[in-house]
Structures are given as C-alpha cells and as structure tokens.
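Chain by chain, the residues run as shown.
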Amino acid sequence: MINESDMRKLNPWWSNPTVINEDPQIQKWNDSKMRFIPEMRDEIKYDFSSDGHVIYTLRGSRQVGKTTLIKLQIKKFLKNRVPPENILYYSLDASTDYKDITKLVEMYMKKTAKINKGRCYLFLDEASTIKEWGTAIKMAVDNGTLKNCTVVVSGSHALNLSKAREKLVGRMGDIADDNYNHKILLPMSFSEYVSLLDKDIKKILLEINSKPDGKKDIFLRLLNHEIDPRLEKINLHMNSLNNILREYMLTGGFPQILNNRISTGVIPANRYTNYLESITSILNMLSIDENKLKALCGGLIQSQTSNLSNINLAKESRLGSYNTVDKYINILDNLLVVLKIHQYNAKSKNRIFRKNPKLYFQDPFLFHTFNGWTNTADNFTTSLKSIEDETILGKIMEGIVADHLIRWAFRYSKKVQTFSYTDHVFYWKDDKNREVDFILYDGDTIEVPIEVKYRNQIRCKELGGLTSFLNKTGKKCGIVISKHDLEEKKDYTVIPAPIFLLLM
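What you see is a predicted model; the values in this text were computed from it and never measured. (Residues numbered from 1 in each chain as written. Predicted model: local features only at pLDDT ≥ 70, side-chain atom pairs only at ≥ 80, totals over all residues. Heavy atoms only, no water.)

Chemist: I'd like a rundown of the overall build of the protein chain, residues and numbers included.
Modeler: Along its length, the protein chain carries 22 helices and 14 strands. Taking 504 residues into account, the globule formula puts the C-alpha radius of gyration at 23 Å, and the protein chain, at 24 Å, falls close to it. Dimensions of the protein chain along its principal axes, counting C-alpha atoms only, are 75 × 55 × 50 Å. Counting the 504 residues in the protein chain, one finds 56% classified as buried. In the protein chain, of all internal contacts separated by at least 6 residues, the share reaching a separation of at least 24 is 73%. Carbon and sulfur atoms make up 46% of the accessible area of the protein chain, which totals about 22,400 Å². Charged side chains of the protein chain number 73 positive and 60 negative; the gap between the two group centres comes to 2 Å. (Helix = DSSP H or I, 4+ residues; strand = E, 2+ residues; numbered from the N terminus. Rg over C-alpha atoms; globule rule 2.2 N^0.38 Å. Buried < 20%, exposed > 50% of the residue type's maximum accessible area, 1.4 Å probe, protein only. Contact = heavy atoms within 4.5 Å. Areas by Shrake-Rupley, 256 points an atom, 1.4 Å probe, with all protein chains shown as cover. Lys, Arg positive; Asp, Glu negative; His and termini not counted. Charge placed at Lys NZ, Arg CZ, Asp CG, Glu CD.)

Below, the structure written as structure tokens:
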C-alpha cells in the first residue's frame, strides 16, 4: 500500500532540492560520455493560463530514456525555483491496482493544498503496468482532484496506454492546437545522433534549423533538381558522416547503447536481453507464445523490405496461421517494434488495404536484437557481421529511411492530434510489378517517390519503378538515396544516405 513515507523516499527534493543531483538517473546521465536531451523535453508544455488540468501520456520503448527525460525535467523545475512540494514523481511498477493511483493522487493533493498554492506537476512513471490506470485518472479528473495540475503518465506497454487513455476522452485538458497529448519518445534520429558526435556538422545543422522550416526548404529544392549549397557544405564531411552512419546502423538511436559502444567498444549482451525481456514480459501478459514470436521474428528478418503476404510469412516462420501472424504483427506495431508500410494508390492518395504491407524494424538496434535472438552466435558478433553484409545492410538502411520519413511526415503534419503514419508513408507498384521503395505524401501537394540504393553503384535500369511513377502521376522529380553520390539527374536527384537522413 502507498503511504506518505513511500512518497518522500521517491521525492527527496521535498526536503532538499539539491539531492536531485544524487538521483541514479541524473547521475547516470551526468556520467555519460554522450549526454542526450530529447527534443521532447521542450515539446511538453507544463504551464497554462487557466487552473485546469492537462494530462499527457508518454510512451516509448524500454531503454529509450523516458525516466531520464522526466528526471531532467524535475531538475529543470527545481533550478527554476518551482516549489519542490509541487513536484511529485512516483514509479508504479511495483503497484498492482488502480486504487493505488487513486490513493496516491488524493494523498498528495491533500498534502500539497496545506503547504503551497500554484500549479502541481505529477509524473506517474511505468503506469502501464497497471491495467486500469485510466480509471484512476478519470476518477481524479471527475472529482476535481487534479485542478491546476499537469500530469505525465509514462509507460512502455503501448497497448495498455492506448486502451486506458480511451477512458480519458474529453478529459485530457485543453492545450494549443499545435500541441498534442499523446507523446511518443522515439530513439534518437540520425540528425540527433550526429549532433552528439560531430561538432562541425552540428554547427551546420544549427544554422539550417535557425530558420523556420530550414530543412524542409532544402528538401523541397531537391524536388526541383536543385542541390542547396549547404548540402555541398555538409558533403565535405562525408568521411565523418559515413563512419557515424555505420555506428548508427549498429547501435540504433538508443542513448544507453551508444554510450556502451563509446565507453567499451562493444554492446553488452545484457542490453539485448534486457530489451527482449521487456517485450516478452508484455507479450506474456497478453498470452502470446514466446516461441511463436521468435519464429515470426526470424521470418521478419528474412522478409524485411519485401511485401510478403501473411500466408507466406506464416509458412516461412512455421506458424501455420494467417490470423496468428496478423495478430502478432499488429502487437509489434503497437509496441513500436515494427513499421507497416502499405501499398499506395496514386489516384485516391491512400493505401490499398487488400495489398500486403512491407514490414520494417523501427530501429537498427531492434533489428539486431531480434536477429540475434534467432541466431546461436553472440548478439554483438552477429550485429557486426550484419553490417558487413551488403544485402542485410540494404535492409537496415530501408528500415532507417522508413522511420525517418515518418518522423518528417509527423513534423510537418497539420493534424498532429490524429496523425497516423500509414496515411503518409507508402510503397508503390505499377501493373508490371515495377516498384518504388517509398512514397512520401504530406496529405496535400508533396508526393515524392524515393528509391533506396545504398550501394557503390546505381544502375539506371533499377529505377524503372521510379520512372513509371513519374510518368503516371506527372510528378517532375524523385529522390534516389545513394551511398556516396550527390548529383542532379533528369528525373531524379541523387543524395547520399547520411545527408538525406539529416534532412528528415
């Protein structure tokens, strides 16, 4: 049962604000060679003109840094002289009942009302371990307990968070139109990764980002067969960029994984197993067969970049059932493990539901984690071998591009509250089965065919799908993502993969 003693142990700054520096998460962050602060910290707005409540959900993979983000925000509050008692942090991973949340909130708000006035900030970490956490928050909103409070509810169990927040429809509070309540903390983008590792390139990126839509403007110029001079400037750093991209393909965007790699030269085995266990523990709650999941992931590794039907995937993974494959893939999608890229209908500007999607792992580290799970060799050794294999490297690169196109589409979406990546990133095929790897559609006028040719030489005959798309749609230019080349062609602009990713 939750009591005030428990609250004080988890909130020692109530007695002494400086002890936030002794928090394990803060100390680990301070000791890191690469101190990453997600952009998400500034995207969550905490203070509002009215005394109403605002509730955010914050979800993301394990090890991606949700708790560290929360602790950094608490440290910022304390530095800005927010009354310490107005900040509550509580990890609910040891709780079993939503009534614990109800008691916690009521106990805290009664205590705070006697000490201070002003807005309160409640951080309920790992709330997704409690099935009915949404019921507890709903009750607190309905009885007025959360008046003048900003609440951040975090968790790794995306399915639970999604289900529970359905009970909070109409109760999340009023925020600005360009903001949104349901936040997702993703692994670092390649741009964020590069900014940590190369100060010279970071300086160029800061210059580009100093202007509104700076990256977008450069990207749109590519569609007019124009290579912005700033890209030429970045191109001078290709040796460094290629080295950093190779590391990104190994570590992915997980800050702890990057720091392990920099500090020790390897990625410890427990990093892979910890992530796997966090996924399998959630799936066990859903009565998912771990052996079947392992078999499916083996099939996904082999078929990534292909629009393999669930029936064929069921055969390859020996699951036997189309419905089992469909169920497992949807769960992995909700858990931010895989991405489903659907085929594009150029007339309706939407996906074709009856066609098979292409499946990608959302982050390179996830690819290596599940690839290692299905192999007998050491995970890190398997990962190193993978990025030396041109075929596997191409699959990993396509997955990275898919993820970054989704980030771009979200950043410039006019409907962030209802954003769905399946409405913006697709693949395309013509009636002769010629394919374009990706179509990026912003929902309005931007409709870009993108081919990923991450190899030393690009052959024109491999771009028949792109040419076909341009002819059928009347679009003037596509993009070909290369390994090294930066040049203008008649129907497309060629751009090196690392430079393209920096624009996303």
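Chemist: Tell me about the packing of aromatic side chains, residues and numbers included.
Modeler: Taken as a whole, this structure holds 24 aromatic pairs when the rule is applied. Aromatic pair F370 and W373: ring centres 6.0 Å apart, planes at 65°, arrangement edge-to-face. Taken as a pair, F370 and W373 lie in helix α18 (residues 364–373) at a separation of three residues, close to a single helical turn. Feature note: the residues Y46, F77, Y121 and F123 constitute an aromatic cluster, connected by ring pairs. Above the ring of W29, the side-chain terminus of R35 is found at 5.7 Å from the ring centroid. The cationic tip of K358 hangs over the ring face of F438; the distance from NZ or CZ to the ring centre is 5.6 Å. (Phe/Tyr/Trp six-rings, centres within 6.5 Å; stacked < 30°, edge-to-face > 60°. Lys NZ or Arg CZ within 6 Å of the ring centre and 35° of its normal.)

Chemist: Can you lay out the pairing of strand β3 (residues 120–125) for me, pointing to particular residues and giving the numbers?
Modeler: Remark: a regular strand shows side chains that alternate across the two faces of the sheet. Burial within β3 is extensive, with six of its six residues counted as buried. The side-chain alternation of β3 yields two buried faces, one formed by C120, L122 and L124 and the other by Y121, F123 and D125. For strand β2 (residues 87–91) and β3, the ladder comprises five bridges, and the chain directions are parallel. By the bridge assignment, L88 is partnered in β3 with L122. As paired strands, β3 and strand β4 (residues 149–155) are joined by five bridges and run parallel to one another. Pairing of Y121 across the sheet is with T150, part of β4. Note that the unit made of β3, helix α6 (residues 133–142) and β4 has a crossover that is right-handed. (Pairing = 2+ DSSP bridges. Right-handed = clockwise from strand over helix to strand, strands pointing away.)

Chemist: Which residues make up the pairing of β4, and what are the values?
Modeler: With respect to burial, β4 is a largely interior element, seven of its seven residues being buried. Of the two faces of β4, the one holding C149, V151, V153 and G155 and the one holding T150, V152 and S154 are both buried throughout. With six bridges joining them, strand β1 (residues 54–59) and β4 adopt parallel strand pairing. Bridged to Y56 within β4 is V152.

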